[in-house]
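# Chains, contacts and geometry: an overview
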Amino acid sequence: MEDYSLNPYIGCSFDCSYCYINGSKYAKNTNSFYVKSNSASLLKSELKSLLRKNKRALISFGSSTDPYQDIESELYLTRNLLKLMYRFKFPVHIITKSDLVLRDIDILRKINDVAILPDDIVNKLKSNVIITYSFSTIDKEVFSIFEPNVPSIEKRFKAIERLKKEDFLVGVSFMPILPFIADNNESIDKAIFEFSKLDIDYLLYGSLSLFGNKEFDSRIKYFNLVKKYFPEYYSKTKNLFYNNRTGLYKDYPSFKYQEDLSKKIRYYSSKYNIKNTIF
Ligand code: SF4
């Protein structure tokens, strides 16, 4: 979808227990995050270079970390990058779990007014600003176990309601859907019903992926939390990621599991008349 992605930080203070950052190639862990202090000058030269080639692009913020994690409230790094997007008239897709994005509505409005979409999507999007809110659950208890540092579900719901009053495209990324804890029909139905009440423009989704085998890697962190809070699902969860052939753990559940989950999500999305694509 996007031509380019941009991450002003490496690592993420929200520290979701299942976060792919822990144990994956994206960073060392969610606790030690880094500020890309040169990101504004890099973005400026990239945007200028695109313009020299007469190219336009939809640029996504937050594909591998949250652009509105805690430190952003002091550093304004994402905000400054958005100012560059406005100055050079580039459209933006923000992926976040934070309501701090509301602080930047003034610039997002300006981007929406002036940005120029790439030719291949110009007739497919009604807005130059896309904001995707991530949720793994809408159950407060589950949330407090796996995402204790993330802005609350209520805050994110309120942020979506506020952003929907603007002329932006606002959707949900229902991801990762936690196996056995939140992947049953009833939980999915309830979650998508709640999202539908927010009048979201789209719902993206995905299953859980787990990486690494060290103590603070997502696979081990996640397994330990399931063992502690959902012991009844512990073996099933481990089996879902276990490869009998190699005797090693896999990063993803089986293709069949993902297909079955996908069918369920598409069914309930269609029940509430929500599309599963941004375009
Ligand atoms: S908000 Fe996203 S990037 Fe940050 S810790 Fe959670 S899953 Fe990882």
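Definitions and cut-offs
Per chain, the residues get numbers from 1 upward, laid out in the order the sequence is written. Reporting in this predicted model follows two pLDDT cut-offs: at least 70 for local features of residues, and 80 or more for side-chain atom pairs to be given and counted; totals over whole chains, interfaces and linings ignore these cut-offs and use all residues. The basis for every side-chain value is the complete set of heavy atoms in the structure, and neither hydrogens nor water enter the calculation. Working definition: helices are DSSP H or I runs of at least four residues, strands are E runs of at least two. Numbering for both runs from the N terminus. Axes here mean lines fitted to C-alpha atoms, for a helix over just the part in contact, with angles spanning 0 to 180 degrees between N-to-C directions. For this classification, under 35 degrees means roughly parallel, over 145 means roughly antiparallel, 65 to 115 means roughly perpendicular, and everything else is oblique. In this scheme the handedness of a crossing depends on how the near helix is turned from the far one: anticlockwise by less than a right angle means left-handed, clockwise means right-handed. The contact rule is simple, with two residues in contact once any of their heavy atoms fall within 4.5 Å. When residues are sorted by character, Ala, Val, Leu, Ile, Met, Phe, Trp, Tyr, Cys and Pro go into the nonpolar class, Asp, Glu, Lys and Arg into the charged class, and all the rest, Gly among them, into the polar class. By convention in these notes, a salt bridge is any Lys or Arg side-chain nitrogen within 4 Å of a carboxyl oxygen on Asp or Glu. Only protein chains enter the accessibility calculation, which uses a 1.4 Å probe. A residue is then buried if its area is under 20% of the maximum for its type, exposed if over 50%, and partly exposed in between.

## Points about unusual backbone geometry
- Cis geometry marks the peptide bond from Met 175 to Pro 176, where omega comes out at -5°.
- Looking at the secondary structure, you find Pro 176 in strand 7 (residues 169-177).
- Of note, the phi angle at Asn 54 is positive, near 60°, even though the residue is not glycine.
- Along the chain, Asn 54 turns up in the loop between helix 1 (39-52) and strand 4 (59-61).
- One non-glycine residue, Lys 89, adopts positive backbone phi at about 65°.
- Here Lys 89 lies in the loop between helix 3 (77-87) and strand 5 (92-96).

## A word on the packing of helix 3 against helix 4 (residues 105-114)
- Here helix 3 crosses helix 4 at 20°, and the two axes come no closer than 9 Å. Taken together, the axes of helix 3 and helix 4 lie roughly parallel to each other. By crossing handedness, the relation of helix 3 to helix 4 is classed as left-handed. On the side of helix 3, the interface is formed by Arg 79, Leu 82, Lys 83, Met 85 and Tyr 86, while helix 4 contributes Asp 106, Ile 107, Leu 108, Lys 110, Ile 111 and Val 114.
- Of the residues belonging to the contact of helix 3 with helix 4, the class tally is seven nonpolar, no polar and four charged.

## Let's talk about the pattern of salt bridges
- Considering all chains together, one arrives at 17 salt bridges under this definition.
- A salt bridge links Asp 106 to Arg 79; the nearest nitrogen and oxygen atoms lie 2.8 Å apart. With Asp 106 in helix 4 and Arg 79 in helix 3, the pair connects residues that are 27 residues apart, well separated along the chain.
- Given the relative accessible area of 33%, Asp 106 is considered partly exposed.
- A salt bridge links Lys 164 to Asp 201, with the nearest nitrogen and oxygen atoms 3.1 Å apart. In this pair, Lys 164 sits in helix 6 (residues 153-164) while Asp 201 sits in the loop between helix 7 (185-197) and strand 8 (203-207), placing the two residues 37 residues apart along the sequence.

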